[in-house]
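Analysis of the macromolecular model
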Protein chains: 2
Amino acid sequence: MPHDDAKLVSLNCGDCPIRHRAVCARCETDELEELERIKYYRSFEAGQTVIWAGDQMDFVASVVSGIATLTQTLEDGRTQMVGLLLPSDFVGRPGRSRAAYNVIATTDILMCCFRRKPFEDMMEHTPHIAQRLLQMTLDELDAAREWMLLLGRKTAREKIASLLSIVARRNASIQMRASERDMTFDLPLTREAMADYLGLTLETVSRQMSALKRDGVIELQGKRHVRVPDMDRLLLEAGDDSDGGFII
Amino acid sequence: MPHDDAKLVSLNCGDCPIRHRAVCARCETDELEELERIKYYRSFEAGQTVIWAGDQMDFVASVVSGIATLTQTLEDGRTQMVGLLLPSDFVGRPGRSRAAYNVIATTDILMCCFRRKPFEDMMEHTPHIAQRLLQMTLDELDAAREWMLLLGRKTAREKIASLLSIVARRNASIQMRASERDMTFDLPLTREAMADYLGLTLETVSRQMSALKRDGVIELQGKRHVRVPDMDRLLLEAGDDSDGGFII
DNA sequence: CTCTGGGCTTGATCTGGGTCAAATTCTGTC
DNA sequence: GACAGAATTTGACCCAGATCAAGCCCAGAG
């Protein structure tokens, strides 16, 4: 049986062409050679936009390398980022969906694609894959709901602090320094992208970044390099509640 | 193989106790008698709040009857609704999650619960169940993302129009009158609940309802009964784009 | 029939964040 | 090492929606 923290991951196994494998992130063993047979690759340049119309796509894909964003727009141009696609994240789905998203490549992207029908057929007799996709999707749903709280009820300053702490936390898990109070990282987003993520304008983002800097919550070296002297302070600014919650 | 539109539904099969079944919405046949063996019921009164702490719950549940809302709050009391739970909707998940939600009963609720471990075990060898849960979760994710666009980028008037058209559409599918331009329905939410859903205050909700009424977009009989003379007009007000999107 | 309280509306005023505009870095690149 | 263009900052001003405060409507209780 799969581990709780198992993920469907993309791994660069040495030289090109990069191999896509379904592995358990913990035990590191291949589980499904079958994926190998139905996959192909597709790359996109930084800045390129792909309109991902759910029910018209005949494939699903997973990011192998690079960063992309998932956005929705109104016809007058207002745009809202609704997801960040990092290596190993999936886009597209087994099943129908009317929703259409813009997938915008922030960097050059390599995607591993699976033709939909074979992928769905495969899921039929390999419950592990279905369960992992379910777990990944549930995690995304949790993240989306937390973001709804941010979009609906947080102030501009809290929004910025929340975004920074999320980026910091992600870096922390990479650096294995989650317990450190002092953190340093690079922002992978422009001010405009941050604004689209947070439901703000880029001017407001800039102003609040300046305010947080003035108040000593963050330090900036250049525009993108951020140092947080005290993570607890930042989390406080983000307004996230930390109480555990009771059981019924 | 399961149909695309298959759902895991709760059905009231005549007398109490209500039976929970996993059926295909299209072919109407039972697929999994096994669910019967691990389920039990639990009811909640209107107004009751349950703190649903993902990783501490030892069961998952599905709404059999009644309406509940899923909300998140900041410690100072600001609250944001992040989902609506209607009959057949699931809450809780097979797998771990740190997220905690408040489940607030809008009406009296009957829930069908499954103890987590047996439910997860069952998923292992019944791929249909896993696939349906995945499909349901993906649909919820689409809805959450559409809501993020609303929360982040729509004006108060557009938010109200969007909510009304969603409620109208849901009623339409029940009444089988999707093609009608003229629609009538009851709002299942108080002004305050609408506000929490839309990231607004109840005063703004009230004002915008009055404005839509004044402009002839809707008619009100009493506070909760709404008539929409022209759905197209309402959809226009909601600002949703209708263009199909291209394929890459 | 009146009282009460919750849901709702409406008005007056305030303000956070949007809008518009200009100045100031940064990043190349020739 | 200067020029071009994009990213960012900062300022001035404005407005949509929040806040504060009355008052209204109506269903249920007595």
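Here, every reference points to the structure presented above.
In this report, the structure presented in the accompanying data block is examined. The numbers attached to residues start from 1 for each chain and follow its sequence in the written order. Each chain takes a letter, starting from A, and each ligand takes a number, starting from 1, following the order in which they are written. With pLDDT at 70 or above as the cut-off, local features in this predicted model cover only qualifying residues; side-chain atom pairs require 80 or more to be listed or tallied, and sums for whole chains, interfaces and linings still use all residues. Note: side-chain values were computed over all heavy atoms of the structure, leaving out hydrogens and water.

**Some points on the interface of chain B and chain A**
How big an interface is tends to be stated in terms of the accessible area lost upon association of its parts. Between chain B and chain A, the residue contacts involve 68 residues of the former and 68 residues of the latter. Summed over both partners, the accessible area lost on bringing two parts together, with a 1.4 Å probe, is the buried area. Both faces combined, the contact of chain B with chain A buries some 6000 Å², and carbon together with sulfur accounts for 56% of it. When a carboxyl oxygen of Asp or Glu is within 4 Å of a side-chain nitrogen of Lys or Arg, the pair counts as a salt bridge. Scanning the region where chain B abuts chain A turns up six salt bridges. A:Glu158 is the partner of B:Arg78 in a salt bridge, and the nearest nitrogen-oxygen pair spans 2.8 Å. Polar contact is defined as a pair of N or O atoms within 3.5 Å, subject to the rule that within protein one atom must be able to donate a hydrogen and the other to accept it, and that residues adjacent in sequence are counted only when both atoms are side-chain atoms. Our count for the chain B to chain A interface comes out at 18 residue pairs in polar contact (both at pLDDT 80 or more). The set of elements that each furnish at least two residues to the side of chain B that touches chain A consists of β1 (39-44), β2 (49-53), β4 (68-73), β5 (79-85), α2 (116-125), α3 (127-153) and α5 (191-198) of chain B. Within the side of chain B that touches chain A, the residues separate by chemical class into 32 nonpolar, 18 polar and 18 charged. Working rule for contacts: check all heavy atoms of both residues, and any pair within 4.5 Å makes them a contact. Only runs of H or I of at least four residues qualify as helices and only runs of E of at least two qualify as strands under DSSP, and these elements are numbered from the N terminus. Only Asp, Glu, Lys and Arg are considered charged, only Ala, Val, Leu, Ile, Met, Phe, Trp, Tyr, Cys and Pro nonpolar, and every remaining residue, Gly among them, polar.

**Looking at the relation of the copies chain B and chain A**
With an RMSD of 0.1 Å, chain B superimposes on chain A once it is rotated by 180 degrees and translated 0.0 Å along the axis. Interpreted geometrically, this transformation is the action of a two-fold axis. We place the copies in one frame by least squares, fitting the C-alpha atoms of every residue whose pLDDT is at least 70 in both.

**Some points on the environment of B:Gln72**
Turning to its location among the elements, B:Gln72 is positioned in strand β4. Residue burial is assigned from relative accessible area. The probe radius is 1.4 Å, only protein chains are included, and a residue is buried under 20% of its type maximum, exposed over 50%, and partly exposed in between. On the basis of relative accessible area, B:Gln72 is assigned to the buried category, the value being 9%. Separated by 30 residues in sequence, B:Gln72 and B:Asn102 place their C-alpha atoms 6.2 Å apart. What B:Gln72 contacts, discounting residues up to four positions off in sequence, is A:Arg145, A:Glu146, A:Leu149, B:Arg78, B:Thr79, B:Gln80, B:Val82, B:Ala100 and B:Tyr101.

**Considering the protein's contact with DNA strand C**
Think of it this way: one heavy atom of a residue within 4 Å of a molecule or strand is enough to make that residue near it. The environment of DNA strand C is made up of 17 residues, and the closest members are A:Thr204, A:Arg207, B:Arg191, B:Ser206 and B:Ser210. Sugar and phosphate atoms form 65% of the subset of DNA strand C atoms that lie within 4 Å of the protein. Residue A:Thr204 places a side-chain N or O atom 2.4 Å away from a phosphate oxygen belonging to DNA strand C. At 2.7 Å from a phosphate oxygen of DNA strand C is found a side-chain nitrogen or oxygen belonging to B:Ser210. Listing elements by their share of the surface near DNA strand C, those giving two or more residues are α6 (202-214) of chain A together with α6 (202-214) of chain B.

**Here we look at the packing of aromatic side chains**
Each aromatic ring pair is described using two quantities: the centre-to-centre distance and the angle formed by the ring planes. Residues and elements named next belong to chain B. Each Phe, Tyr or Trp ring, with Trp reduced to its six-membered ring, pairs with another whose centre is within 6.5 Å; inter-plane angles below 30 degrees give stacked pairs, above 60 give edge-to-face pairs, and intermediate values give tilted ones. Summed over all chains, the structure comprises twelve aromatic pairs over all chains. Arranged with centres 6.4 Å apart and planes meeting at 5 degrees, the rings of phenylalanine 90 and phenylalanine 114 form a pair that is stacked. Of this pair, phenylalanine 90 sits in strand β6 (residues 90-91) while phenylalanine 114 sits in strand β8 (residues 109-115), and the two are 24 residues apart along the sequence. Here the two residues phenylalanine 90 and phenylalanine 114 agree in accessibility, since each one is buried.

Any functional reading would require information that these geometric values do not contain.
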